[in-house]
Amino acid sequence: MPTTSPRVALLTLGCARNEVDSEELAGRLDAGRWQLTDDTDGADVVVVNTCGFVEQAKQESIDTLLAASESGAKVVAVGCLAQRYGKDLAESLPEADAVLSFDDYTDISQRLTSVLAGEVHAAHTPGDRRKLLPLSPTARPGSDVVVPGHGSAPAGDWRHAELPAGVAPASGPRVLRRRLDGGPVAPLKLASGCDRRCTFCAIPSFRGAFVSRPAIDVLTEAAWLAERNVRELVLVSENSTSYGKDLGDPRLLEQLLTRLATTPGVLRSRVSYLQPAEMRPSLIETIATTPGIAPYFDLSFQHASISVLRRMRRFGGTEAFLGLLASIRELAPAAGVRSNFIVGFPGETADDVAELERFLTDARLDAVGVFAYSDEDGTQAAEFDDKLPTDEISRRYDQISSLAEELTARRAQERIGEVVEVLVERSDEDEPVQGRAGHQAPEVDGATMLDQAPDLAPGAVVRGRVVDSYGVDLIARYETTVL
């Protein structure tokens, strides 16, 4: 063991939920006297927070672990791929010095210390993590099951709470998190896990049953992030519309959003991962009309054909979805809407694809993600008999992707003339000032370029009028600085 504090590099793959988990790990490691570094070549241990969502993400995680092993540091796999495959991953990837589960997160500092000392860590045997919690959601609060990203402040008045041993005092609220990205946008976890049983999705089996974070923990962390110059909070979970059902109030999300909207220094909070079947009028109204909440609806439609959706074990269809969009736009005509769709699902017919095309054409979505169906280990759909040929799935993927690209570009053109509030994220001398309007989520929904803007630092908030579009991106003429 080195005589100075050991150095650890954290590499995060996958979604924003993983980003929160990595920052919780960083907070625990910081409290354990580890030095965090961005340089894998200078690290004693490299921790790779893996993604296990689809085949491409799995391969990227494995490639990252292999590349990290070339640095000479000890390599540790955590995250969804590690949780999902456990000892199987450890046996097939000897380049990783340890494969840790979510249950190792609370003692991550000690785990890495033992790995650095050359001790062997026995990887866990994969299992269905949903079985660790009671079937009834209201019986889950108080469980000792580890839920990544749910690090909470000490009980009582967090501004005067006693800090854990070995943790230096800090101004503002104390949360179990350390920021790894100093930008003006940060994900904030609402909940973890999922109680739905979609036939194509394996996430609930390794992420576990649905668990909400207590509202005080979410609000405390929001204030902590605001004190670190975060201007936009992106609320993440596997299913945000279920927030509060295990805390005894299925409408708790509306109350939480109203309180988050008043967080000093935060321009807006946006909710991601909404289930169409669980949308309710009060939630639609809260998101669409509350100042400080982005009128933005990340709706997980997945398809529009009723027959395909039922085989996916999902609800809705073209008419129901269009009705939902109409109710949103009645309250907020300029609301942003994005969704993801799976094409080539087992049993999907040409008529089903035509129905999806009809929905997309009428829906006027701002952003669309298209996925080609592939079997996922442990899912019901993987056992279906009526699979489509790979080349036909690819053809349908190209067909729907091309249509989605055309339609979202058309939707962006419709926004010409709108006045938008833009959160500045990039300001380089040789490039236009770039940020995002309220209908654009980070990384996935395009950006807004500001024309004739003065020198602006990331985190500034300006108002501009949309004068042009390029694909899903907008060009807005600068009018005034708001913050």
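Scroll up for the structure.
Residues numbered from 1 in each chain as written. Predicted model: local features only at pLDDT ≥ 70, side-chain atom pairs only at ≥ 80, totals over all residues. Heavy atoms only, no water.

**A closer look at the overall build of the protein**
- Within the protein one finds 12 helices and 18 strands.
- Over its C-alpha atoms the protein spans a radius of gyration of 23 Å, differing by no more than 12% from the 23 Å that the globule rule assigns to 483 residues.
- Along the first, second and third principal axes, the C-alpha set of the protein runs to 60 × 60 × 50 Å.
- In the protein, buried positions account for 53% of the 483 residues.
- Put simply, of all contacts in the protein between residues at least 6 apart along the chain, 74% involve residues at least 24 apart.
- Counting 50 positive and 73 negative side-chain charges, the protein places the averaged centre of each group 5 Å from the other. (Helix = DSSP H or I, 4+ residues; strand = E, 2+ residues; numbered from the N terminus. Rg over C-alpha atoms; globule rule 2.2 N^0.38 Å. Buried < 20%, exposed > 50% of the residue type's maximum accessible area, 1.4 Å probe, protein only. Contact = heavy atoms within 4.5 Å. Lys, Arg positive; Asp, Glu negative; His and termini not counted. Charge placed at Lys NZ, Arg CZ, Asp CG, Glu CD.)

**Focus: the pairing of strand S12 (residues 336-343)**
- With respect to burial, S12 is a largely interior element, 7 of its 8 residues being buried.
- Taken together, the 3 bridges between strand S11 (residues 296-298) and S12 define a ladder with parallel strand orientation. Note that in S12 the partner of Asp298 across the bridge is Arg338.
- Judged from the 6 bridges that link them, S12 and strand S13 (residues 367-372) form a sheet pairing that is parallel. (Pairing = 2+ DSSP bridges.)

**Looking at the side chain of Thr241**
- Looking at where Thr241 falls in the secondary structure, it is placed in the loop between strand S9 (232-236) and helix H7 (252-260).
- A polar atom in the side chain of Thr241 sits 3.2 Å from the backbone nitrogen of Gln275.
- With near-sequence residues (within four places) excluded, Thr241 lies in contact with Tyr273, Leu274, Gln275, Glu278, Met279, Arg280 and Leu283. (Polar contact = N/O pair within 3.5 Å; in protein donor to acceptor, adjacent residues only side chain to side chain.)

**Describing the nonpolar core**
- Grouped together as the largest cluster of nonpolar side chains are 67 residues, with contacts concentrated most on Leu190, Phe297, Leu299, Leu325, Phe359 and Leu360.
- Apart from the residues lying within four places of it in its own chain, the contact partners of Phe359 are Phe301, Ala304, Thr318, Phe321, Leu322, Leu325 and Phe341.
- In this structure, Val45, Val76, Tyr105 and Leu112 belong to the second largest nonpolar core, which totals 19 residues. (Core = buried A, V, L, I, M, F, W, Y, C linked by side-chain atoms within 4.5 Å.)

**A closer look at unusual backbone geometry**
- The phi torsion at Arg313 lies on the positive side, around 65°, for a residue other than glycine.
- Locating Arg313 in the fold gives a position in the loop between helix H9 (306-311) and helix H10 (318-331).
- You will see that Glu443, though not glycine, has its phi angle at about 75°, which is positive.
- Tracing the chain through its elements places Glu443 in the loop between strand S15 (433-436) and strand S16 (448-451).
- Here Glu443 falls in the exposed class, since its relative accessible area comes to 75%.

**What to know about the sheet that holds S13**
- Read from one edge to the other, the open sheet built from 3 strands follows the order S11-S12-S13, with strand pairing classed as parallel. The open sheet has two edge strands, S11 and S13, and neither has a second partner. Put simply, the sheet's adjacent strands are angled 10° from each other on average, direction ignored.
- Sheet contacts for helix H12 (residues 390-414): S12 and S13; angle to S13, the most-contacted strand, approximately 175°. (Axes fitted to C-alpha atoms, helices over the stretch in contact; angles between N-to-C directions.)

**Focus: the sheet that holds strand S1 (residues 7-12)**
- The 5 strands are arranged S2-S1-S3-S4-S5 in an open sheet whose pairing can be described as parallel. Two strands close off the open sheet at either side, each with one partner strand: strand S2 (35-36) and strand S5 (98-99).
- Across 5 bridges, the pairing between strand S3 (residues 45-50) and strand S4 (residues 74-78) is parallel. Paired with Val48 across the bridge in S4 is Ala77.
- Here helix H1 (residues 16-31) sits on the sheet and contacts S1, S2, S3 and S4; the angle it forms with S1, its principal contact strand, is near 170°.
- The sheet strands contacting helix H2 (residues 55-69) are S1, S3 and S4, and the helix crosses S3 at an angle near 175°.

**Notes on the packing of H7 against helix H8 (residues 281-289)**
- At a minimum axis distance of 9 Å, the contact between H7 and H8 shows a crossing angle of 15°. Taken together, the axes of H7 and H8 are roughly parallel relative to one another. The handedness of the crossing between H7 and H8 is left-handed. Mapping the contact onto sequence places Leu253, Glu254, Leu257 and Thr258 in H7 and Ser282, Leu283, Thr286 and Ile287 in H8.
- Here the contact of H7 with H8 is composed, by residue class, of 4 nonpolar, 3 polar and 1 charged. (Parallel < 35°, antiparallel > 145°, perpendicular 65-115°, else oblique. Left-handed = near helix turned anticlockwise from the far one by under 90°. Nonpolar A, V, L, I, M, F, W, Y, C, P; charged D, E, K, R; others polar.)

**Regarding the environment of Gln35**
- Considering the arrangement of structural elements, one finds Gln35 in strand S2.
- Distance in space between the C-alpha atoms of Gln35 and Pro6 is 6.1 Å, their sequence separation being 29 residues.
- In this structure, Gln35 is in contact with Ser5, Pro6, Arg7 and Val8, ignoring residues within four places of it in sequence.

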